[in-house]
Amino acid sequence: MKLSRRSILLGAGSLPFAVPSFRTGALAQTAPAAQNAEVPPILFVHGNGDYDALWMTTLWRMESNGIARDRMAAINFTDPNARSDDKVEQANRSSTEDQRRELAAAIVELKRRTGAPRVALVGSSRGGYAIRNVIRNGGTGDVSHAALCGTPNHGVFATDDQPNNEFNGRGTFLRGLNEGESEVTPGTAFLTLRSDGMDKYAQADGRFIGKPGTPTGVTVEGPELKGATNLVLGALDHREVAFHPRAFREIYKFIAGREPARIAIVPEQSVRLSGLVTGTPGGVSTNRPVAGATVDVFRVDPDTGERRGGAVHSAKTGADGRWGPAQVEPSWFLEFVLTSPDAPTTHIYRSPFPRSSDVVHLRAARPLGPADKDAGAVVIMSRPRGYFGLPRDVVLLDGKEPADVKPGVPTDSAATLRLPAAEAGRNIVAQFGEERIVARAWPASENRIAIAELTY
């Protein structure tokens, strides 16, 4: 079943949505005591190269609608990047079987912890592959609902070469998942969410995957599945169809069977933050813990980015790579300083955290490279839960639209500003829509990089 984008957009537009207020004392009322006993526990599954932290805002919205924190979990795949060839071992990368095995274990653990007979699974992009693989291979009795958000169910490309690439719609893996008249496994309810033309991994032209002018063999309808409820969410990008408020609304309705009471996040009176420090061995992002890293957390002025006093939390990671917990206020703008082995000192500036989270993961910036050799300071504006769309979005870095963000279909989730040495130390404003972060441009000569990391 497929609903028109017009009906979905009109429905989404009728719901209240606002970035939470961060004024001191302007705390919303406690979330309503919703009737959520019948809602199954929910396990969130991230995509290729990502980590569970991307689900943080979704978890907050679920909590704000009465879903208990201990009834939810988000998996952190050890090696989140796919292999080039699913059948060939590749350092710090995972096979489809690796992901199936890790997800199956996470389902068992969530069922054990909650005592529930079945759980609901929500996946972004490649995470949907692991979900379908688990369900198809004996897991339907454990899974009541499967929501697949931007999952390239018919491939990022569909060609006769690379038969063992899991993203090939004509390859061994996806042909196995899609065979049969219905492409879903009976016994589990399936939902797919997709973009109306703004998903860079559902494009007919290969330029979005580095092959300009070469047909991919897929279309914007690639994420849909025969036998599923297929919804089109308008001009959202590849990640937004999982993490945007519109996506949250559809995910909640699908699992809970009713409209959410609210879309906005309800702030807590007291906020505790913790997370994992991870690294990039061999240049590949992993979720393997990093020991011996130092994390310092500072409260900063929202208008200048300057620190307000000393560190509110300092920690050194052990073998488990964990830092925290840090006690903060829901109105504080924060700077996280990560000093990690063999990496630049990374200054990460964040908007206030309205609610507690134990998935505030930190990964050091990439080393300064040839493009940075003449820079006095390097500032990166990063949007992990979506891409920058021009002219769709308001995107400003130091008062200008970033030159390295391409217009049209959103493909870039980061923009880089390089400043001369004379400007090191000054403040830089990163603006995306209504979210505004002020960062300090730290001297590159000290092997430091600043990141303005957007939450929304």
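Note that the structure is a prediction, hence the values are computed from the model and not measured.

Moving on: unusual backbone geometry. Put simply, Gly324 and Pro325 share a cis peptide bond, and its omega is 5 degrees. Of note, Pro325 is situated in strand E11 (residues 322–328). A cis amide bond, omega 10 degrees, links Leu390 with the succeeding residue Pro391. For Pro391, the position within the fold is in the loop between strand E15 (377–382) and strand E16 (395–397). A positive phi is found at Asn92, a non-glycine position, where the angle reads about 60 degrees. With respect to the helices and strands, Asn92 occurs in the loop between strand E3 (72–74) and helix H3 (96–114).

For the structure shown, the criterion picks out two cavities of 30 Å³ or more. One number sums up the size of the largest cavity: a volume of about 60 Å³. Lining the largest cavity, in full, are Tyr51, Ala53, Leu54, Met56, Arg350, Val359, Val360, His361, Pro384, Arg385 and Glu453. Residue composition of the lining of the largest cavity, by class: seven nonpolar, one polar and three charged. Computed from the structure, the second largest cavity encloses a volume of approximately 40 Å³.

Read across the sheet, three strands follow the order E11-E8-E14 without closing on themselves; strand pairing throughout is mixed. Both outer strands of the open sheet, E11 and strand E14 (362–363), are each paired with one neighbouring strand and no more. Sheet topology places strand E8 (residues 271–278) next to E14; two bridges connect them, and they run parallel. Opposite Val277, over in E14, you have Leu362 as the bridge partner.

Split into domains, the chain comes out as domain 1 (42–256) and domain 2 (271–453). Look at where the C-alpha atoms of domain 1 and domain 2 centre, and you get two points 27 Å apart. With 35 residues of domain 1 in contact, the opposing surface of domain 2 contributes 28 residues. When domain 1 packs against domain 2, the two sides together hide about 2700 Å² of surface, and 53% of this comes from carbon and sulfur.

This next bit is on the nonpolar core. One finds Met62, Val122, Leu273, Trp323, Phe336 and Phe353 to be the most contacted residues of the largest nonpolar core, which totals 55 residues. With seven residues, helix H7 (residues 245–256) is the single largest residue contributor to this core. For this core, the two domains that each supply at least three residues are domain 1 (42–256) and domain 2 (271–453). Contacts of Met62, omitting those with residues within four sequence positions, involve Ile42, Phe44, Ile67, Met72, Phe248, Ile251 and Tyr252. Residues Ala377, Leu419, Ala439 and Ala441 belong to the second largest nonpolar core, which totals 24 residues.

For the rest of this paragraph, the subject is the environment of Gly155. The residue Gly155 is located in the loop between strand E5 (143–149) and helix H5 (172–178) in this model. For the pair Gly155 and Ala105, spaced 50 residues apart in the sequence, the C-alpha separation amounts to 26 Å. In contact with Gly155, other than residues within four places in its own chain, are Tyr129, Phe167, Asn168, Gly169, Leu174, Tyr201 and Val218.

Right, let's talk about helix H2 (residues 56–64) for a bit. In an α-helix, one turn spans 3.6 residues, which is why side chains three or four residues apart end up on the same side. Taking burial as the measure, the nine residues of H2 include nine buried ones, the bulk of the element. Of the positions making up H2, those classed as buried are Met56, Thr57, Thr58, Leu59, Trp60, Arg61, Met62, Glu63 and Ser64. The inward-facing, buried residues of H2 abut strand E2 (42–45), E3, helix H6 (240–243), H7 and strand E13 (345–350).

This part takes up the pairing of strand E19 (residues 435–440). In this sheet, E19 lies alongside strand E18 (residues 427–432) in antiparallel orientation, the contact comprising six bridges. Pairing of Val429 across the sheet is with Val438, part of E19. Between the end of E18 and the start of E19, which pair antiparallel, lie two residues, with Gly433 showing a positive phi angle near 55 degrees.

This brings us to helix H4 (residues 126–139). For H4, the tally of buried residues reaches 11 of 14 residues, placing the bulk of the element in the interior. Those residues of H4 lying buried are Arg126, Gly127, Gly128, Tyr129, Ala130, Ile131, Arg132, Asn133, Val134, Ile135 and Gly139. Those residues of H4 that are buried are in contact with E2, H3, strand E4 (119–124), E5, H5 and strand E6 (189–194).

By the definition in use, this model includes 36 salt bridges. Of the charged contacts in the structure, one is a salt bridge between Asp237 and Arg392, with a shortest N-O distance of 3.1 Å. Highlighted residues: Asp237 in the loop between strand E7 (229–232) and H6 and Arg392 in the loop between E15 and E16, separated in sequence by 155 residues. Look at Asp237 and you get buried, because its relative accessible area is 0%. Residues Lys406 and Asp412 are paired through a salt bridge, measuring 3.0 Å at the closest nitrogen-oxygen approach. Its relative accessible area of 45% is what places Lys406 among the partly exposed residues.

How each quantity is defined
Residues numbered from 1 in each chain as written. Predicted model: local features only at pLDDT ≥ 70, side-chain atom pairs only at ≥ 80, totals over all residues. Heavy atoms only, no water. Helix = DSSP H or I, 4+ residues; strand = E, 2+ residues; numbered from the N terminus. 1 Å grid on protein atoms, 1.4 Å probe; cavity = no way out; pocket = protein on both sides within 12 Å on 5 of 7 lines; lining within 4 Å. Points joined across faces, edges and corners; volume = space filled by probe spheres on them. Nonpolar A, V, L, I, M, F, W, Y, C, P; charged D, E, K, R; others polar. Pairing = 2+ DSSP bridges. Domains from an automatic or database assignment. Contact = heavy atoms within 4.5 Å. Buried area = accessible area lost by both parts, 1.4 Å probe. Core = buried A, V, L, I, M, F, W, Y, C linked by side-chain atoms within 4.5 Å. Buried < 20%, exposed > 50% of the residue type's maximum accessible area, 1.4 Å probe, protein only. Salt bridge = Lys/Arg side-chain N within 4 Å of Asp/Glu carboxyl O.

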